[in-house]
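Notes for the structure review
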Amino acid sequence: MINFFFILLLCIADQIRINLGGLVSLLDIFVLIYAMLYIIQNRGMGIFARDREIRTVSKLFAALVVVQIVSEILVGNSLANAAKGIGVTVVCYVKFLFLLGLFFRNKSNLAIFLLGSLIANILFFRTNDFFGLGKMDVESEDIAMGEGLTMAYFKYKISPLINSSLILASIYYKRIRFAWVLAAVGLLTIVLGARSSGLILLIAGVAPLLIYHKFKWNRKRIAVCLVLVAMVAGYGYKTYVDSVLAGEINSGNSQNQLASADNPYNVFDLLKLGRTEVYVGVLAFTESPWIGWGAWPRDPGLKFNALQSYIQGKRMDKRKFFSETIPTHSVIVGYAVYNGIFSVLLIVAIIWFFFRRGATTLRTKNVFVFLVVCTLANMVWDTLFSPISTVRFQFVLYFATLYYIYKVMQYPELARKYGYVTDDTVKA
């Protein structure tokens, strides 16, 4: 019980943030102090130094920090902004090791931490969440584009809470039929307007059904399956667009976005309109690809923000404009714009390191199947379409979760002893 309340306290501490030139959570401060004391006491990384793979990813993080420092110096960025950019990477690495150590202390700590995060998100419902399984911040741009406050709360608060609750429940309900529940709720969420959250849950439900189907997979069957999935998805998307344009589905800003698209049946047009910051960020990157613009760079003449407004079909009043930085809203585009091509290559290498290890755990049926699929899908989505600040919040949990499960699954007897793999695991 003491262990549960300690972990819950950590989750709550991550929701309490103070401004130190940038928002920093109490957990960030605690972990950084703990890390310094740990290094002093162990004269290095301690037990983590024995893990060859941890040493590998540590080198990638170190190289990324060096590239960021060089970039910030060359572009002459302000010390405050440079520190914020570099701090994202440093805090991510330190918190990852802290959480990984926490998970290894007790076989139940991963599930307890997920539950603690869920409880903390509910307690801090009206504030931004940066550490759940989904994105929880309600953005003024979305409300301005026609979301409506109620719909914005559903998309960014209620829907992620539903996702987190179902994924947590899947750890204890060890039946593959639970996939149908995830898929059904995911489809319903998409129809209600929370497309990204619904898609993540749909993938978390459908993927295990395909992976653990009784017949043996080969290249031909995989190719046929992919074609069938593409056809069903394409037809489903066309039906969805027709229903929205006909007014049969009225939820969120779907109707406004689809009506504004040059070709609403082209999913890339919808992405360009719905994630305009990413498209504009790529254009900014092409103007300074080698060293970037520096962390949180000022938009010269607001030309990139003006382009964003033009694509979205909005008029931009500079007197009322709330942002003077180059828009990115993507982890990989953010690193590219901030610190150039070498930084984005390194962050992609780091993300791939954890993605690959997480994917290998799906070779064995275990209680974390739905959690792993959901985490992988979320990580891909956030890599493409979430702001760079999520690296020190959501990505920390992604990395620690995937690596912990990966490591335990390398020792089948230990995994069975912990109850992660049993005779009834993900049975029908």
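A brief report on the enclosed structure follows.

All right, on to the overall build of the protein chain then. Each helix and strand counted, the protein chain has 19 helices and 2 strands in total. Counting every position in the protein chain, which comprises 428 residues, the buried fraction comes to 50%. Summing over all exposed atoms, the protein chain offers an accessible surface of approximately 20,900 Å²; the carbon and sulfur share of this is 66%.

Once that is clear, we can look at the nonpolar core. Nonpolar side chains in soluble globular proteins tend to be buried together. Core analysis: the largest hydrophobic core is formed by 97 residues, its most contacted members being Phe96, Leu99, Phe354, Phe368 and Phe399. For this core, the leading source of residues is helix 18 (residues 394–409), giving 13 residues. When near neighbours in sequence (up to four residues on either side) are disregarded, Phe96 contacts Ile54, Phe354, Val396, Phe399, Ala400 and Tyr403.

This part is about unusual backbone geometry. In this structure, Trp296 takes a positive phi of about 50° despite not being glycine. In this fold, Trp296 is placed in the loop between helix 13 (276–287) and helix 14 (303–311). Judged by relative accessible area, which is 21%, Trp296 ranks as partly exposed. For His329, which is not a glycine, the phi torsion comes out positive at approximately 55°. Looking at the element boundaries, His329 is found in the loop between helix 14 and helix 15 (331–339).

In this section: the packing of helix 17 (residues 369–385) against helix 18. Remark: helix 17 packs on helix 18, axes separated minimally by 10 Å, with the N-to-C direction vectors making an angle of 145°. Here helix 17 runs over helix 18; the crossing is left-handed. Counting all contacts with helix 17, which are made through Leu371, Val372, Thr375, Leu376, Asn378, Met379, Asp382 and Thr383, the residues of helix 18 involved are Gln394, Phe395, Tyr398, Phe399, Thr401, Leu402 and Ile405. Along the lines of polarity and charge, the residues of the contact of helix 17 with helix 18 split into 9 nonpolar, 5 polar and 1 charged.

One pass over the structure, following the stated rule, counts 7 salt bridges. Across the pair Lys95 and Asp28 runs a salt bridge whose closest N-O atoms are separated by 2.8 Å. Residue Lys95 is found in helix 4 (residues 79–105), and its partner Asp28 is found in helix 2 (residues 26–42); the two are separated by 67 residues along the sequence. Using a relative accessible area of 2% as the deciding quantity, one classes Lys95 as buried.

This next bit is on the packing of aromatic side chains. Considering all chains together, one arrives at 27 aromatic pairs under this definition. Between Phe30 and Phe98 the ring centres are 5.9 Å apart and the planes differ by 85°, which places this aromatic pair in the edge-to-face class. Here the residue Phe30 occupies a position in helix 2, and Phe98 occupies one in helix 4, the gap between them amounting to 68 residues. On the basis of relative accessible area, Phe98 is assigned to the buried category, the value being 14%. Ring geometry for Phe395 versus Phe399: centroids 5.8 Å apart, planes at 70°, classification edge-to-face. Linking Phe395 with Phe399, this pair stays in helix 18, spanning 4 residues, or about one helical turn. Note on Phe399: relative accessible area 1%, which makes it buried. Members of the aromatic cluster, joined through ring pairs, are Phe96, Phe353, Phe354, Phe395, Tyr398, Phe399, Tyr403 and Tyr406. Across the ring face of Trp296, the terminal group of Lys84 is positioned such that the distance to the ring centre comes to 4.6 Å. Lying over the aromatic face of Phe353, Arg357 brings its terminal NZ or CZ to 3.8 Å of the ring centre.

Looking at His329, the relative accessible area reads 13%, which means it is buried. Each C-alpha atom of the pair His329 and Val278 lies 5.9 Å from the other, and the pair is 51 residues apart in sequence. At 3.0 Å, the side chain of His329 and the backbone oxygen of Phe385 are in polar contact.

Its 20 residues give helix 16 (residues 341–360) an end-to-end C-alpha distance of 29 Å, which sits within 8% of 28 Å, the value for a rise of 1.5 Å per residue. For helix 16, the set of buried residues is Ser343, Val344, Leu346, Ile347, Ile350, Ile351, Phe353, Phe354, Arg357 and Gly358. Check the buried side of helix 16 and you find it contacts helix 3 (52–75), helix 4, helix 15, helix 17 and helix 18.

Mapped onto the elements, Asn121 comes out in helix 5 (residues 109–123). Judged by its relative accessible area of 4%, Asn121 falls in the buried class. At 2.9 Å, the side chain of Asn121 forms a polar contact with the side chain of Gln15.

A surface patch of nonpolar side chains, about 710 Å² in accessible area, is lined by Val66, Val70, Leu74, Trp290, Ile291, Phe342 and Leu345. When contributions to the nonpolar patch are tallied by element, the ones reaching two or more residues are helix 3 and helix 16. Element by element, the count of residues in the nonpolar patch is highest for helix 3, at 3 residues. Its location among the elements puts Val70 in helix 3.

Here Ala83 shows up in helix 4. Taking relative accessible area as the criterion, Ala83 reaches 47% and is therefore assigned partly exposed. For Ala83 and Gln68, which are 15 residues apart along the polypeptide, the C-alpha to C-alpha distance reads 9.8 Å.

So, about the packing of helix 13 against helix 15. Orientation of helix 13 relative to helix 15, taken along the N-to-C sense of each, is 30°, at an axis distance of 9 Å. The pairing of helix 13 with helix 15 is recorded here as roughly parallel in orientation. In this structure, helix 13 crosses over helix 15, and the sense of that crossing is left-handed. Counted together, Val278, Gly281, Val282, Ala284 and Phe285 of helix 13 and Val333, Ala336 and Val337 of helix 15 form the full contact between these two elements. When grouped by side-chain class, the residues that make up the contact of helix 13 with helix 15 number 7 nonpolar, 1 polar and no charged.

Conventions adopted
Per chain, residues are indexed from 1 in the order of the written sequence. Local features are withheld for residues below a pLDDT of 70 in this predicted model, meaning they are given only at 70 or higher, and side-chain atom pairs are given and counted only at 80 or more; totals for whole chains, interfaces and linings count all residues. The basis for the side-chain values is all heavy atoms of the structure; hydrogens and waters are excluded. Put simply, DSSP H or I for four residues or longer makes a helix, DSSP E for two residues or longer makes a strand, and each gets a number counted from the N terminus. For every residue, the accessible area (1.4 Å probe, protein chains only) is compared with the maximum for its type, and the residue is labelled buried under 20%, exposed over 50%, or partly exposed between those bounds. To measure how exposed things are, a 1.4 Å probe is used in the Shrake-Rupley method; for residues, cover is taken only from the protein chains shown. Buried Ala, Val, Leu, Ile, Met, Phe, Trp, Tyr and Cys residues that are joined via side-chain atoms within 4.5 Å together make up what is termed a nonpolar core. The contact criterion used is simple: two residues touch if any of their non-hydrogen atoms lie within 4.5 Å. Each axis is a line fitted through C-alpha atoms, taken for helices only over the stretch in contact, and angles between the N-to-C directions span 0 to 180 degrees. Working rule for handedness: look at the near helix, and if it is turned counterclockwise from the far one by less than a right angle, call the crossing left-handed; if clockwise, right-handed. Amino acids outside the nonpolar list (Ala, Val, Leu, Ile, Met, Phe, Trp, Tyr, Cys, Pro) and the charged list (Asp, Glu, Lys, Arg) are all regarded as polar, and Gly is one of them. Salt bridges are defined as contacts in which a side-chain nitrogen from Lys or Arg sits within 4 Å of a carboxyl oxygen from Asp or Glu. Ring geometry is summarised as follows: Phe, Tyr and Trp rings, the Trp one being its six-membered ring, pair when their centres sit within 6.5 Å, and such pairs are stacked at plane angles under 30 degrees, edge-to-face over 60 and tilted between the two. By definition, being over a ring means that NZ of Lys or CZ of Arg is both within 6 Å of the ring centre and within 35 degrees of the ring normal. As used in this structure description, the phrase polar contact means that two N or O atoms lie within 3.5 Å; if the pair is within protein, one of them must be able to donate a hydrogen and the other to accept it, and residues adjacent in sequence are counted only when both atoms belong to side chains. The span one expects for a helix is its residue count, reduced by one, times 1.5 Å. Note on patches: the residues involved have over 30% relative accessible area and no salt bridge, like charges join within 9 Å, and the nonpolar side chains Val, Leu, Ile, Met, Phe, Trp and Tyr join within 5 Å. With respect to orientation, any angle under 35 degrees is reported as roughly parallel, any angle over 145 as roughly antiparallel, any angle of 65 to 115 as roughly perpendicular, and every other angle as oblique.

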